[in-house]
Amino acid sequence: MEVFTQTIINGLVLASIYILVALGFALIFSVMQVLNFAHGSMYMAGAYVCYYWGFALGLPPWAAIAMSAVVLALFGVFLEKFCFRFLEKNFNRTLMFALALIVVMQTAADVTVGGYVKRVPSVLPGLTTIAGITMSKERLIACVIAVFLLLAVFFLIRKTTLGRQMRAVALDRDAASLQGINAHRIAALAFGLSAGLAAVAGGLMGSIISLNTYMGDTMLVKAITLVIIAGMGSIGGLFVSGLIVGLVDAILPIFIGGAGSEVVAFGFAILILVVRPQGLFGQEI
Amino acid sequence: MTEKHEEPKKKPIRKYGALGVVVALLFLVPLLPTNNPYLMHVCILILTYVMATSSLRTIYISGQASVGHAAFMGIGGYTSALLSMRLGWTPWITILLGAVGATLVAVVTGYLFSRLRAIYFSMVTLFFGVAIEALMRSWVSLTGGRSGLVGFPGMGVLNIPGVGTINFAASKVPYYYLLLFLALLTLLILYRIERSRTGMNWMAIAQSPLVASSIGISETKFRVLAFAVGCFFAGLAGSAYAHYNGVISSSSFSLMPSIYLVIYMLLGGMGHFAGPIIGVIVLVAIPELFRSLQEYAPFVFGGIMLLVIFLMPQGLAGLFDSLRPWFARVARRGIR
Amino acid sequence: MTAALLEIGGLTKHFGGLAAVSNLDMTVHEGEIVGLMGPNGAGKTTVFNLITGLLRPSYGHVIFQGKEIGGKKPHVVAACGIGRTFQFAYLFPEFTVLENVIASFHLDPKCGFLEGVFNTSSYRRKEERILREASEILKLVGLEREKGVLGKNLPHGPQKLLTMARALAIKPKLLLLDEPVGGMHFDEVKHAISAIERIRAQGTTIVLVEHNMRLMRFCERIVVMNFGVKIAEGTYDEVRSHEQVMRAYFGHERVA
């Protein structure tokens, strides 16, 4: 029973982290029509920056995560303003730029902080026992923080003016501009927000597993998986597909091993793309 | 973006002369006094990547932006390694079989994916690539899992009547010539196909599948054809390199290597046949040659890319287009 | 009585609840020029799309030279000998005008893939012949001077002429022209008309969708559609004074 609950919790933690990252990715894609392959690197950078603030500067963990989010968010805005904005018409160049960004960021992380076996200090270290089941506090708190953030973002997009503006730009950029919405500003904000979310995800994950410069790649693939299964343009769908993938990722490896469950996950995504390209919840393409 | 169908009638000597000189020089590289195993290794690496990247460009020409090309190199490599190791067949045959294996997979997946447009095609090829890599990692009994395969034969000893024996195990030089031969063959075949009506049909479906279908060009057939041809040479590159390397593991064929192939191609410029060649040379040779600054190589890499992205949208090969009038003027002056 | 080249029977196409084409019967005989008219939205382009395989019929059949082609893929229909132009001048933007036409010779009795790769002399001779024929076609439609211009740089009128040139390259038995002179100015229209005349003289059967009445005069027969249904058929004069046609265009029977 205990193993079962722990596995479920693991699944929820994974799910919430995946959704945080996927949300940012999907946001950039809907608002800017750009497939930001460098998004995984934002996540990785978030973890590394968080480590830096926490370890090198000795900030308490929650502050380190917050600062990391701020830094990355500003970086995201910078990227949109000075780089992506000029490239958005051209798929090839945007792709190249994103890929160049990945390489540069990975190197920067390697050079400044260094390779393996670094961990972000936990927000709440230690174990706790709830209802007779032992689980690590940091996983719980990671889950809680992630869920809180997700609800906040959901609220932002659904209920606030800014969120409405973002949805307008996502639906029809030109029409939104004609309504007086500064599409570039919205794009910059979307970029910043998504980078910040990825950074938090990185910081949270960094306390659970150790850092390495390639964590971004795997997370990118996960984010794309979620978006494919959910379908472009569906926020609610992301939550559902995040839960599915997170739980599968926690449960399946117990039976068929890590790599095997990856094959299953990818195979499923390919199936969806071939059979139902608009995803489970998306609109018709 | 495409090369013009009619080109000014140049004397064959002029057109092929420069090319012939370059090819001859390539054959003479191992005879250089500065030659050493490391240089040979870098050259072999470049030749392999040239094959892979040029064949990727062939796929891109038909309008399909594949981001999983490295996986097909892996399929070729593993097929060849396994056939030579488990069944004892000679690598000279298994290398071809590796390419064939990659092609078979490509035909099936190419057909499945041929209905998908643009971004969705890219995504599904990305997933296919990582799925194959995960498959390689998980099927331990077949592929050795994460640690890969070791101990499959190299190209062995070749007895050429009248010339002597070539021992591939003795040095890297024979491998260099093997890969040089394969690369030149690849480039020749890809170039001829591209300049033929098939290539034109590929460019047609890339520009407008609708118009193409109205003149009788079947989009599905040509998309699958491009994908199959491209993956054949990727498989060939993967198998040849595997036997040279003696080791093959899944990490060489994951997402990042596929992405690097795309980068090499885009940097060199997709509009020119020679684009991938330039891209590979710039991005593979330079970091290797500046090994001392190893840590910062990716920064240089990233820097070059940023430069090209913002200043040269056509890639490095596009430079030639803008420089050609300049060259022509200089050449004319030189003749006097 | 010349043979029926194209027979359409009971052709119907539904989009959701909307019937874009409803129970259309139409016959085209070899060598004819038949006009297809109707206000915008009448379903004329839909009929073309149904014939050429871009849309599947919901009901009904399309029979070309005795064979059912309804629902076949577009490239198959083209291979049967039906060429078409599009209302919006679709072409290959990155090819030159000449390359656009050369590309259209795809269906010419093919050399195989390998012969192209090895650049055999028969392949080269074939390509030279295609080059000559392509230049002929460009002369026919009056685009010879623009042959080196990239498709995307062509002005609108020549673009439409180019779509005609492309449709001719496949040596069609039946040519479907969808508003071939739409948006052209006076001189360009003259070019187009003489091109159509020469095409006709070569024996190609033509179905013509147009609003420009100067072209409709050429048609031996005109079929008029409105809201997806055929409302009239006859010669130019018959159709012109037909009550329902006038109501469709003008809203009432007589022009006061």
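Refer to the structure printed above.
These numbers come from a predicted model, not from an experiment.

## Notes on the overall build of chain A
For chain A, the helix and strand inventory stands at 11 helices and 2 strands. Walking chain A from its N terminus toward its C terminus, one meets helices and strands in the order α-α-α-α-β-β-α-α-α-α-α-α-α. The 285 residues of chain A split such that 55% are buried. For chain A, the share of sequence-separated contacts (at least 6 apart) that also reach a separation of at least 24 residues comes to 74%. Entry remark: accessible area of chain A is about 11,900 Å², with carbon and sulfur atoms responsible for 69%.

## A word on the overall build of chain B
Scanning chain B from N- to C-terminus turns up 14 helices and 4 strands. With 336 residues in all, chain B has 54% of them scored as buried. Contacts in chain B between residues far apart in sequence, at least 24 positions, make up 77% of those at least 6 positions apart. On chain B, roughly 14,800 Å² of surface is accessible, and the fraction owed to carbon and sulfur atoms is 70%.

## Digging into the packing of aromatic side chains
Residues and elements named next belong to chain B. Counting across every chain of the model gives 19 aromatic pairs over all chains. Pairing Phe 113 with Phe 128 gives two aromatic rings, centres 6.1 Å apart and planes at 75 degrees, and the pair type is edge-to-face. Taken together, the residues span a long stretch of sequence, with Phe 113 in helix H4 (residues 91-113) and Phe 128 in helix H5 (residues 118-138) at a distance of 15 residues. For Phe 113, a relative accessible area of 1% translates into the label buried. Taking the relative accessible area as the measure of exposure, Phe 128 reaches 11% and is therefore buried. Counting every residue linked through ring pairs, the aromatic cluster contains Phe 72, Phe 113, Phe 121, Phe 128 and Phe 227. Positioned over the ring face of Phe 121 is Arg 223, at 5.3 Å from the centre of the ring.

## A few points about helix H10 (residues 235-256) of chain A
Residue and element names in this part refer to chain A. Between its first and last C-alpha, H10 extends 31 Å over 22 residues, near the 32 Å set by a 1.5 Å rise per residue. For H10, the complete set of buried residues consists of Gly 237, Leu 238, Ser 241, Gly 242, Val 245, Gly 246, Asp 249 and Ala 250. Structurally, H10 contributes buried residues whose contacts are with helix H1 (2-32) and helix H9 (215-230). Gly 257 sits one or two positions beyond H10 and adopts a positive phi of about 80 degrees.

## Some thoughts on the pattern of salt bridges
Residues and elements named next belong to chain C. Considering all chains together, one arrives at 16 salt bridges over all chains under this definition. A salt bridge links Arg 221 to Glu 32; its shortest N-O distance comes to 2.9 Å. Of this pair, Arg 221 sits in strand E9 (residues 221-226) while Glu 32 sits in the loop between strand E2 (18-29) and strand E3 (33-37), and the two are 189 residues apart along the sequence. As a salt-bridge pair, Arg 129 and Glu 133 come within 2.9 Å of each other at their nearest N and O atoms. Taken as a pair, Arg 129 and Glu 133 lie in helix H5 (residues 121-141) at a separation of 4 residues, close to a single helical turn. The class of Glu 133 is partly exposed, set by a relative accessible area of 22%. Members of the salt-bridge network, linked through shared partners, are Glu 32, Arg 221, Lys 230 and Glu 233.

## Considerations on the interface of chain C and chain B
Each side of the interface is counted separately: chain C has 30 residues, and chain B has 29 residues. The junction of chain C with chain B conceals about 2,700 Å² of combined surface from both sides, 64% of it contributed by carbon and sulfur atoms. Across the chain C-chain B interface, the total number found is 1 salt bridge. Between C:Glu127 and B:Arg197 there is a salt bridge; the shortest N-O distance is 3.1 Å. Contributions of two or more residues to the side of chain C that touches chain B are made by helix H2 (74-80), helix H3 (97-103), helix H4 (113-118) and H5 of chain C. Residue contributions to the side of chain C that touches chain B peak at 4 residues, all from H3(C). Grouping the amino acids of the side of chain C that touches chain B by side-chain chemistry returns 20 nonpolar, 6 polar and 4 charged.

## Concerning the nonpolar core
Soluble, globular proteins show a tendency: their nonpolar side chains are buried together. Within the largest apolar cluster, 251 residues are counted, with the highest numbers of intra-cluster contacts made by A:Phe37, A:Tyr43, A:Ile224, B:Phe72, B:Phe127 and C:Met164. In terms of residues, this core owes the most to one element, H1(A), which gives 17 residues. Those residues in contact with C:Met164 that sit more than four places away from it in its chain are C:Thr85, C:Val141, C:Leu177, C:Pro180, C:Ala192, C:Ala195, C:Ile196 and C:Ile199.

## A few points about the interface of chain A and chain B
Each partner contributes to the interface: chain A provides 36 residues, whereas chain B provides 39 residues. Between chain A and chain B, the buried area comes to about 3,600 Å², and carbon and sulfur atoms account for 85% of it. Joining chain A to chain B, the criterion identifies 1 salt bridge. Where B:Arg137 meets A:Glu262, a salt bridge forms, and the shortest distance between an N and an O atom there is 3.1 Å. Our count for the chain A to chain B interface comes out at 2 residue pairs in polar contact (both at pLDDT 80 or more). Elements supplying a minimum of two residues to the side of chain A that touches chain B: helix H3 (61-87), helix H4 (91-112), H9 and helix H11 (258-275) of chain A.

## Things to note about the sheet that holds strand E8 (residues 205-209) of chain C
In any sheet, the strands associate via hydrogen bonds between backbone groups, in a parallel or an antiparallel arrangement. Residue and element names in this part refer to chain C. Pairing in this open sheet of 6 strands is mixed, and the strands run E6-E7-E8-E3-E9-E10 from one edge to the other. The sheet is open, and its two borders are formed by strand E6 (82-84) and strand E10 (229-234), each paired with just one other strand. Averaged over all neighbouring strand pairs, the angle between strand axes comes to 20 degrees, with direction disregarded. The sheet strands contacting helix H10 (residues 243-250) are E3, E9 and E10, and the helix crosses E10 at an angle near 125 degrees.

## Regarding the packing of H9(A) against H10(A)
What describes two packed helices is the angle between their axes and the distance between those same axes. Residues and elements named next belong to chain A. Running from N to C, H9 and H10 cross one another at 125 degrees; their axes reach a closest spacing of 8 Å. For the element pair H9 / H10, the angle class is oblique. Of the two possible hands of crossing, H9 and H10 adopt the one that is right-handed. Contacts between H9 and H10 involve Lys 222, Leu 226, Val 227, Ile 229 and Ala 230 from the former and Gly 237, Leu 238, Ser 241, Gly 242, Val 245 and Asp 249 from the latter.

## A few points about the side chain of B:Asn201
Along the chain, B:Asn201 turns up in helix H8 (residues 197-207). A distance of 2.9 Å separates polar atoms of two side chains, one belonging to B:Asn201 and the other to C:His106. In this view, B:Asn201 contacts B:Ile217, B:Phe222, C:Ala103 and C:His106; residues no more than four positions away in its chain are not counted.

## Some thoughts on the pairing of E3(C)
Residue and element names in this part refer to chain C. Of all 5 residues making up E3, 5 are buried, and the element is well covered by its neighbours. The pairing of E3 with E8 spans 4 bridges and is parallel. By the bridge assignment for E8, Leu 36 is matched with Val 209. Pairing of E3 with E9 involves 4 bridges; the strand directions are parallel. Along E9, the bridge assignment pairs Met 37 with Val 224.

## Overview of unusual backbone geometry
All names here are of chain C. Although it is not a glycine, Asn 23 adopts a positive phi angle of roughly 55 degrees. Mapped onto the elements of the fold, Asn 23 is located in strand E2. Among the residues examined, Asn 23 registers a relative accessible area of 53% and is labelled exposed. Despite not being glycine, Gln 65 has its phi angle at roughly 50 degrees, a positive value. Within the secondary structure layout, Gln 65 lies in the loop between strand E4 (59-64) and strand E5 (67-68).

## Focus on the pairing of E10(C)
All names here are of chain C. When E9 meets E10, the two strands line up antiparallel, connected through 5 bridges. Bridge pairing in E10 places Val 223 opposite Glu 233. Between E9 and E10, which follow one another and run antiparallel, lie 2 residues, and Phe 227 among them has a positive phi close to 55 degrees.

Cut-off values and rules
Residues numbered from 1 in each chain as written. Chains lettered and ligands numbered in written order. Predicted model: local features only at pLDDT ≥ 70, side-chain atom pairs only at ≥ 80, totals over all residues. Heavy atoms only, no water. Helix = DSSP H or I, 4+ residues; strand = E, 2+ residues; numbered from the N terminus. Buried < 20%, exposed > 50% of the residue type's maximum accessible area, 1.4 Å probe, protein only. Contact = heavy atoms within 4.5 Å. Areas by Shrake-Rupley, 256 points an atom, 1.4 Å probe, with all protein chains shown as cover. Phe/Tyr/Trp six-rings, centres within 6.5 Å; stacked < 30°, edge-to-face > 60°. Lys NZ or Arg CZ within 6 Å of the ring centre and 35° of its normal. Expected span 1.5 Å × (residues − 1). Salt bridge = Lys/Arg side-chain N within 4 Å of Asp/Glu carboxyl O. Buried area = accessible area lost by both parts, 1.4 Å probe. Nonpolar A, V, L, I, M, F, W, Y, C, P; charged D, E, K, R; others polar. Core = buried A, V, L, I, M, F, W, Y, C linked by side-chain atoms within 4.5 Å. Polar contact = N/O pair within 3.5 Å; in protein donor to acceptor, adjacent residues only side chain to side chain. Pairing = 2+ DSSP bridges. Axes fitted to C-alpha atoms, helices over the stretch in contact; angles between N-to-C directions. Parallel < 35°, antiparallel > 145°, perpendicular 65-115°, else oblique. Left-handed = near helix turned anticlockwise from the far one by under 90°.

The values reported here are purely geometric and, on their own, carry no functional implication.
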